[in-house]
Amino acid sequence: MIRRFIALFVAMAVVGCSRKARPPEALVIYFSSDMRGNIEPCGCTERQYGGLPRRATAIRRRGSSARLLIEVGNATRGAREWDKLKFRYILMGLEKMGYAALNVGGREAELGRDDLVRMAAETKVPFVSANVVDAETRRPVVRPYVVRAVGGFRVGITGILSKDAERPGPGLAVLDPEMALLRLLPELKERCDFLILAACTDLEGMGRLAAKLYEVDVILGGRVREPTRQPVVVNQSILAAVADKGKMLGRLEIHFDEKGGVAGRSGEIIELGEEYADDPQMESVIARMKEEQKAKELGDATTHEALELIVAGKQAPGADRYVSAEDCRECHMKAYQVWEGSAHAHAFATLTAKKYEFDRDCLVCHVVGLGAPDGYRSKKLTPHLANVQCENCHGRGKKHGEHYRRTKKKEAEGAALRAPTRARCFRCHEKERSPNFAYDAYWRKIEH
Ligand code: HEC
Ligand code: HEC
Ligand code: HEC
Ligand code: HEC
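Definitions and cut-offs
- Residues numbered from 1 in each chain as written.
- Chains lettered and ligands numbered in written order.
- Predicted model: local features only at pLDDT ≥ 70, side-chain atom pairs only at ≥ 80, totals over all residues.
- Helix = DSSP H or I, 4+ residues; strand = E, 2+ residues; numbered from the N terminus.
- Buried ≥ 20, exposed ≤ 12 C-beta atoms within 10 Å, placed from the backbone.
- Contact = placed C-beta atoms within 7 Å.
- Pairing = 2+ DSSP bridges.
- Axes fitted to C-alpha atoms, helices over the stretch in contact; angles between N-to-C directions.
- Domains from an automatic or database assignment.
- Nonpolar A, V, L, I, M, F, W, Y, C, P; charged D, E, K, R; others polar.
- Parallel < 35°, antiparallel > 145°, perpendicular 65-115°, else oblique.
- Left-handed = near helix turned anticlockwise from the far one by under 90°.
- Near = placed C-beta within 6 Å.

Visitor: Any details on the overall build of the protein? Residues and values, ideally.
Guide: Counting secondary structure elements, the protein contains 17 helices and 14 strands. Referenced to the eigenvectors of the C-alpha coordinate spread, the extents of the protein come out at roughly 100 × 50 × 40 Å. Expressed as a percentage of its 448 residues, the buried residues of the protein come to 40%. Restricting to contacts in the protein with at least 6 residues of sequence separation, those with at least 24 account for 66%.

Visitor: Describe in detail the sheet that holds strand S10 (residues 218–221), supporting the description with residues and values.
Guide: The strand order across the open sheet formed by 6 strands is S6-S7-S9-S10-S12-S11, and the pairing between neighbours is mixed. Either end of the sheet is taken by a strand with one partner, and the two such strands are strand S6 (145–150) and strand S11 (232–234). The average angle at which neighbouring strand axes cross in this sheet is 25 degrees, direction not considered. Judged from the 6 bridges that link them, S6 and strand S7 (residues 153–161) form a sheet pairing that is antiparallel. Within S7, the residue paired with Arg-148 across the bridge is Val-155. Contacts between helix H6 (residues 177–191) and the sheet are confined to S6, S7 and strand S9 (194–200), with S7 contributing the most and set at about 170 degrees to the helix.

Visitor: Give me the domain arrangement of the protein: which residues, what numbers.
Guide: For the protein, the domain assignment lists domain 1 (18–287) and domain 2 (314–446). Taking only C-alpha atoms, the centre of domain 1 and the centre of domain 2 are 41 Å apart. Taken residue by residue, the interface counts 7 residues in domain 1 and 7 residues in domain 2. Split by residue class, the side of domain 1 that touches domain 2 holds 3 nonpolar, 3 polar and 1 charged.

Visitor: Run through the packing of helix H2 (residues 52–62) against helix H8 (residues 280–298), naming residues and quoting values.
Guide: Relative to each other, H2 and H8 sit at 160 degrees, their axes nearing to 8 Å. With respect to each other, H2 and H8 are oriented roughly antiparallel. Note on packing geometry: the crossing formed by H2 with H8 is right-handed. Between H2 and H8, the contacting residues are Leu-52, Pro-53 and Ala-56 on the first element and Gln-281, Met-282 and Glu-283 on the second. A breakdown of the residues in the contact of H2 with H8 according to their chemical character gives 4 nonpolar, 1 polar and 1 charged.

Visitor: Give a description of the site of ligand 3 that names residues and reports values.
Guide: Taken together, 20 residues form the shell around ligand 3, and within it Ala-343, Thr-350, Cys-425, Cys-428 and Lys-445 come nearest. Secondary-structure elements contributing two or more residues to the shell around ligand 3 are helix H12 (347–353), helix H13 (360–366), helix H14 (390–394), helix H16 (422–428) and helix H17 (439–446). Class assignment for the residues of the shell around ligand 3 results in 11 nonpolar, 6 polar and 3 charged.

Visitor: Break down the packing of helix H3 (residues 81–97) against H8 for me, citing the residues and quoting the values.
Guide: The N-to-C vectors of H3 and H8 enclose an angle of 160 degrees; their axes lie 10 Å apart at closest approach. When the axis of H3 is compared with that of H8, the two are roughly antiparallel. For H3 against H8, the interelement crossing comes out right-handed. Residue-level contacts link Leu-85, Lys-86, Tyr-89, Met-92, Gly-93 and Lys-96 of H3 to Gln-281, Met-282, Val-285, Ile-286, Arg-288, Met-289, Glu-292 and Gln-293 of H8. Grouping the constituent residues of the contact of H3 with H8 by class yields 7 nonpolar, 3 polar and 4 charged.

What follows is the structure, encoded as structure tokens:
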């Protein structure tokens, strides 16, 4: 014991004050970024990646005691009411995994000061930001940094949002990241032995910060197109990044020499595929989220408003409206029958089977006109607009039907419905959700 003490003392004497405590043999950092509300894969197609349930399993499987979990930012999709609802459950998941920090990304900043502060107060996951501040006072709205002790070794975690990023919400301003960090560094150097910066910026921005700030040991990103397969060293800092809706998890392992210097590092990008079973604890967080979504939607008018089901803005008087496939049936029997037998007519049941029929992030492609004043609102208010229907492709059909009921004339007189272009399909059949989409092959299945 005494001998170890002396060894430590000598080590400190050799490196002076820059390393104050004996570092662990290895420090393992798990980092994630850019979830944008994707709490788990949607299941629109097979072989999708990501999600909290797999993430938790991946971390547990690799087991390590000296580890830190850091979220680099953009965990929420946005600032709408249902985005916030989901974000709360994402935070619950991160909390249960033991995240050490969440950096305020552009999407979190969109929440605006009041919501950001409120949500930060509701979770045990510390929100950090060195440069997202109160627009008036220019003072921090969340902690500028946190310090986590690993053994006696003090690891500081701070974060920045690039200034050119998305516009911050009401009450917030984004300061120049470099200036904000420079101001913070003397204090950070005093309080920690090792410094990690979570940077919601691109690789160039990360590189620029590394070139200017030699005190930062690790910079985690970010807003990148491709993850860094192996960590990169710029100036004195180790850079690593992941992105793309939380489909992957970054792992960085840092080895120290006896003097406390970095002796080695290795990185890994863990693609969260099906080989990682769903963690039951995360699944129960998601189940609770679905329960709340359901309770809100089935609740009274106040909760409807809370979910923005009552869409702001009204249609102009005399404007066309959505009516549903039932309204087309009498005149287009053949088309109706084809549609009725197609997958489109069961798109809502698909969501129900997964208890996702109250999630607006899913409904948008699985019902008619979500978000429009005359479109789908809820299972209770607008059951006739559930599923993908004729009007998803042909547009609103009220006037068209009325016209032909009034007159047997061929001319539609401004009430014509047209065949959609192929681009209409791609609005929903996006590459990630419908990777096998090929117009001819798909059209053949619904030809009418
Ligand atoms: C951008 C539009 C879009 C969104 C948003 C979307 N889906 Fe889908 N979904 C599709 C399309 C398109 C398909 C059909 C894909 C194919 O077969 O090529 C599909 C198919 C599915 C299927 C497979 C149906 C089957 O039986 O083959 C499931 C399950 C599903 N979606 C669930 C969800 C859930 C859950 C969400 C929300 C978390 C969601 N979707 C959000 C467009 C979307
Ligand atoms: C009262 C009868 C009636 C109703 C209801 C009706 N349509 Fe029509 N629709 C017609 C007639 C008649 C035509 C013109 C057919 C023609 O020109 O040969 C037509 C034409 C169309 C066309 C254009 C075909 C083309 O080649 O230009 C589309 C698309 C269409 N209808 C879709 C719909 C949809 C979608 C609905 C329901 C929202 C609907 N219709 C409701 C009678 C109706
Ligand atoms: C409003 C969103 C939306 C649009 C627009 C849309 N689809 Fe779909 N499509 C879906 C969804 C959602 C599903 C999955 C339904 C399910 O199984 O739950 C789907 C499924 C399908 C399927 C069944 C796939 C299978 O594996 O059997 C075909 C075929 C299809 N769509 C063709 C088309 C074509 C062709 C177009 C354009 C003319 C189109 N869709 C436009 C949402 C859309
Ligand atoms: C997924 C998109 C989609 C859905 C859903 C859909 N249609 Fe169509 N519909 C098309 C496309 C695309 C065409 C044009 C095909 C072409 O011209 O090759 C078309 C053509 C038509 C035509 C013109 C046919 C002709 O012979 O000229 C009518 C009428 C029509 N649809 C009515 C309906 C009705 C009624 C429904 C619902 C019961 C419906 N469609 C659902 C995409 C869709």
